Amino acid sequence: MHSAMITGAGGGLGRATALAFAARGCALALVDIDEPAAVDVAGACGNAHVIVQDLTAPGGAEAAVARSVAALGALDIVVNNAGYGAGEAFLDMRETTWDRTLDLNLKAVALICAAAGRHMRDRGSGRIVNVTSPASRMALPNYLAYAASKAGVDAVTRAAAVALAPFGITVNSVAPGMMDTAMQRITERQLAAIEGRNDIDVFLDERTRRIPLGRRTDCETVASTIVWLALHAPDYITAERMNASGGLDKD
Ligand SMILES: NC(=O)c1ccc[n+]([C@@H]2O[C@H](COP(=O)([O-])OP(=O)(O)OC[C@H]3O[C@@H](n4cnc5c(N)ncnc54)[C@H](O)[C@@H]3O)[C@@H](O)[C@H]2O)c1
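> How should I be thinking about the overall build of the chain in this particular structure?
Along the backbone of the chain there are eight helices and seven strands. On C-alpha atoms alone, the chain measures out to a radius of gyration of 17 Å, which is about the 18 Å that the 2.2 N^0.38 rule sets for 251 residues. Dimensions of the chain along its principal axes, counting C-alpha atoms only, are 55 × 35 × 35 Å. A total of 251 residues make up the chain; the buried ones form 51% of that total. Contacts in the chain between residues far apart in sequence, at least 24 positions, make up 69% of those at least 6 positions apart. Accessible area for the chain stands at about 11200 Å²; split by element, carbon and sulfur atoms hold 55% of it. If the 23 positive side-chain charges of the chain are averaged to one point and the 27 negative ones to another, these points end up 3 Å apart.

This is the structure in structure tokens:
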């Protein structure tokens with residue numbers, strides 16, 4: 001049986017990923033700042049431990065790994081999924097937005113890769129999957145801290161893949177398309193407001209039509225991509241960025 005730690009497992013993509021791993025018989029450590037949400041997911045999963053942890057607190061990333069190892073005995077898989085994003089006009093960018101976004105989306109991901117890497121090195125195997133975004137390759141002036149944080153995740157994925165390859169550990173990433181989650185709903189309303197758009201349905205429809213496949217995706221589809229990389233992909237695949245965005249990420 002595989003043991004997996006999933007960050008941000010209480011909602012959206014993290015929840016769907018937890019359920020997908022649980023359906024394949026994995027033992028899970030569900031890391032989230034939101035205890036009721038994580039407890040709810042654990043109840044739906046079965047074999048799952050709830051790790052209530054703020055990943056942006058001092059030592060929070062390392063604590064999440066240590067507490068997950070303590071709960072499960074060992075870690076075969078880590079999914080760095082927890083993320084935060086806020087739409088704000090380029091000329092109005094705030095320091096607090098940058099701090100919150102980079103602390104969670106980038107710094108915690110790097111520190112978890114290192115902490116999990118140390119544990120997996122001693123076991124001689126492991127798979128890490130980071131959740132990036134098509135935004136990392138786009139010019140998004142009203143969503144810059146988020147886009148920059150995900151460009152950082154791409155850098156972390158490549159560097160961690162090289163650093164951990166000698167120990168039989170692979171590190172890959174998934175770039176999801178637009179899924180209907182709390183984060184996506186809030187962000188798109190912020191972006192519409194920045195652009196002075198009151199016709200939210202038209203605004204959302206325009207964004208959907210920019211996706212080459214012409215439709216949005218769902219958390220279950222992206223979760224199955226994460227599960228494939230973590231459980232089924234050949235172990236020669238590392239430093240890969242898998243585009244699960246309907247062609248939105250096409251550069
Ligand atoms: N929703 C989309 O369309 C979309 C598109 C591309 C990439 N992504 C990425 O997918 C991932 C999941 O996004 P989502 O839409 O499911 O988000 P979400 O906001 O629905 O869920 C994020 C989860 O992370 C948890 N979390 C937030 N701050 C935390 C902290 N400090 N410590 C621990 N846990 C914390 C939240 O409680 C929540 O359960 C993110 O990395 C996001 O950037 C999402």
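And the narrative resumes.
> Quick question: what am I supposed to make of the site of the ligand here?
Around the ligand there are 29 residues in total, and Leu 13, Asp 32, Asn 81, Tyr 146 and Thr 181 lie nearest to it. Between the ligand and Tyr 146, the relevant distance is 2.6 Å, taken from an oxygen atom to a side-chain nitrogen or oxygen of the residue. Within the side chain of Gln 184, one N or O atom sits 3.0 Å away from an oxygen atom of the ligand. Protein burial of the ligand: of its 840 Å² of free accessible surface, 90% is covered by the chains. For the shell around the ligand, the elements supplying multiple residues, two or more each, are helix H1 (12-23), helix H5 (144-164) and helix H6 (182-194). When residues of the shell around the ligand are assigned to their parent elements, the largest contribution, three residues, is made by H6. Class assignment for the residues of the shell around the ligand results in 12 nonpolar, 13 polar and four charged.

> Honestly, a nonpolar patch on the surface in this entry has me stumped. Any pointers?
Nonpolar side chains collect at one region of the surface, where Phe 90, Leu 91 and Met 93 lie side by side and expose about 340 Å² of accessible area between them. Of note, Met 93 is situated in the loop between strand E4 (77-80) and helix H4 (95-123).

> Is there a simple way to explain the sheet that holds strand E6 (residues 169-176) in this structure?
In any sheet, the strands associate via hydrogen bonds between backbone groups, in a parallel or an antiparallel arrangement. Read from one edge of the open sheet, seven strands run E3-E2-E1-E4-E5-E6-E7, paired in parallel fashion. Lying at the two open borders of the sheet, with one neighbouring strand each, are strand E3 (48-52) and strand E7 (241-244). Along the sheet, successive strands turn relative to each other by an average axial angle of 20°, direction set aside. In this sheet, E6 lies alongside strand E5 (residues 126-131) in parallel orientation, the contact comprising six bridges. The residue of E6 that forms the bridge with Val 131 is Val 174.

> How should the pairing of E6 be read in this particular structure?
Here is the key point about a regular strand: its side chains alternate between the two faces of the sheet. Burial runs high along E6: eight of the eight residues are buried. Neither face of E6 is left uncovered, since the one carrying Ile 169, Val 171, Ser 173 and Ala 175 and the one carrying Thr 170, Asn 172, Val 174 and Pro 176 both have all their residues buried. Following the backbone out of E5, through H5 and into the adjacent parallel E6, one traces a crossover that is right-handed. Pairing of E6 with E7 involves four bridges; the strand directions are parallel. Bridge pairing in E7 places Ala 175 opposite Asn 243.

> Even after reading the chapter, I still don't get unusual backbone geometry, so can you show me in this structure?
Keep in mind that most residues, glycine aside, have a negative phi and that most peptide bonds are trans. One non-glycine residue, Ala 239, adopts positive backbone phi at about 65°. Mapped onto the fold, Ala 239 is located in the loop between helix H8 (219-232) and E7.

> Any chance you could explain the side chain of Lys 150 here in plain terms?
Residue placement: Lys 150 occurs in helix H5. Buried and without a salt bridge, Lys 150 has Asp 154 as its closest oppositely charged side chain, separated by 8.3 Å. With residues near it in sequence (within four places) discarded, Lys 150 still touches Asn 105, Val 131, Thr 132, Ser 133 and Ser 136.

> Help me understand the side chain of Arg 207, please; the structure alone is not making it clear to me.
Summarising the element assignment, Arg 207 is placed in helix H7 (residues 200-209). By relative accessible area, which is 16% here, Arg 207 ends up buried. Excluding residues that lie within four positions of it along the chain, Arg 207 makes contacts with Met 178, Gln 184, Glu 188, Leu 191 and Arg 216.

> What is the right way to read the environment of Met 183 from this model?
Along the chain, Met 183 turns up in helix H6. Judged by its relative accessible area of 27%, Met 183 is partly exposed. Residue contacts for Met 183: discarding those within four places in its chain leaves Gly 83, Tyr 84, Gly 85, Tyr 143 and Tyr 146.

Cut-offs used in this document
- Residues numbered from 1 in each chain as written.
- Predicted model: local features only at pLDDT ≥ 70, side-chain atom pairs only at ≥ 80, totals over all residues.
- Heavy atoms only, no water.
- Helix = DSSP H or I, 4+ residues; strand = E, 2+ residues; numbered from the N terminus.
- Rg over C-alpha atoms; globule rule 2.2 N^0.38 Å.
- Buried < 20%, exposed > 50% of the residue type's maximum accessible area, 1.4 Å probe, protein only.
- Contact = heavy atoms within 4.5 Å.
- Areas by Shrake-Rupley, 256 points an atom, 1.4 Å probe, with all protein chains shown as cover.
- Lys, Arg positive; Asp, Glu negative; His and termini not counted.
- Charge placed at Lys NZ, Arg CZ, Asp CG, Glu CD.
- Near = heavy atom within 4 Å.
- Polar contact = N/O pair within 3.5 Å; in protein donor to acceptor, adjacent residues only side chain to side chain.
- Nonpolar A, V, L, I, M, F, W, Y, C, P; charged D, E, K, R; others polar.
- Patch = residues over 30% accessible without salt bridge, like charges linked within 9 Å, V, L, I, M, F, W, Y side chains within 5 Å.
- Salt bridge = Lys/Arg side-chain N within 4 Å of Asp/Glu carboxyl O.
- Pairing = 2+ DSSP bridges.
- Axes fitted to C-alpha atoms, helices over the stretch in contact; angles between N-to-C directions.
- Right-handed = clockwise from strand over helix to strand, strands pointing away.

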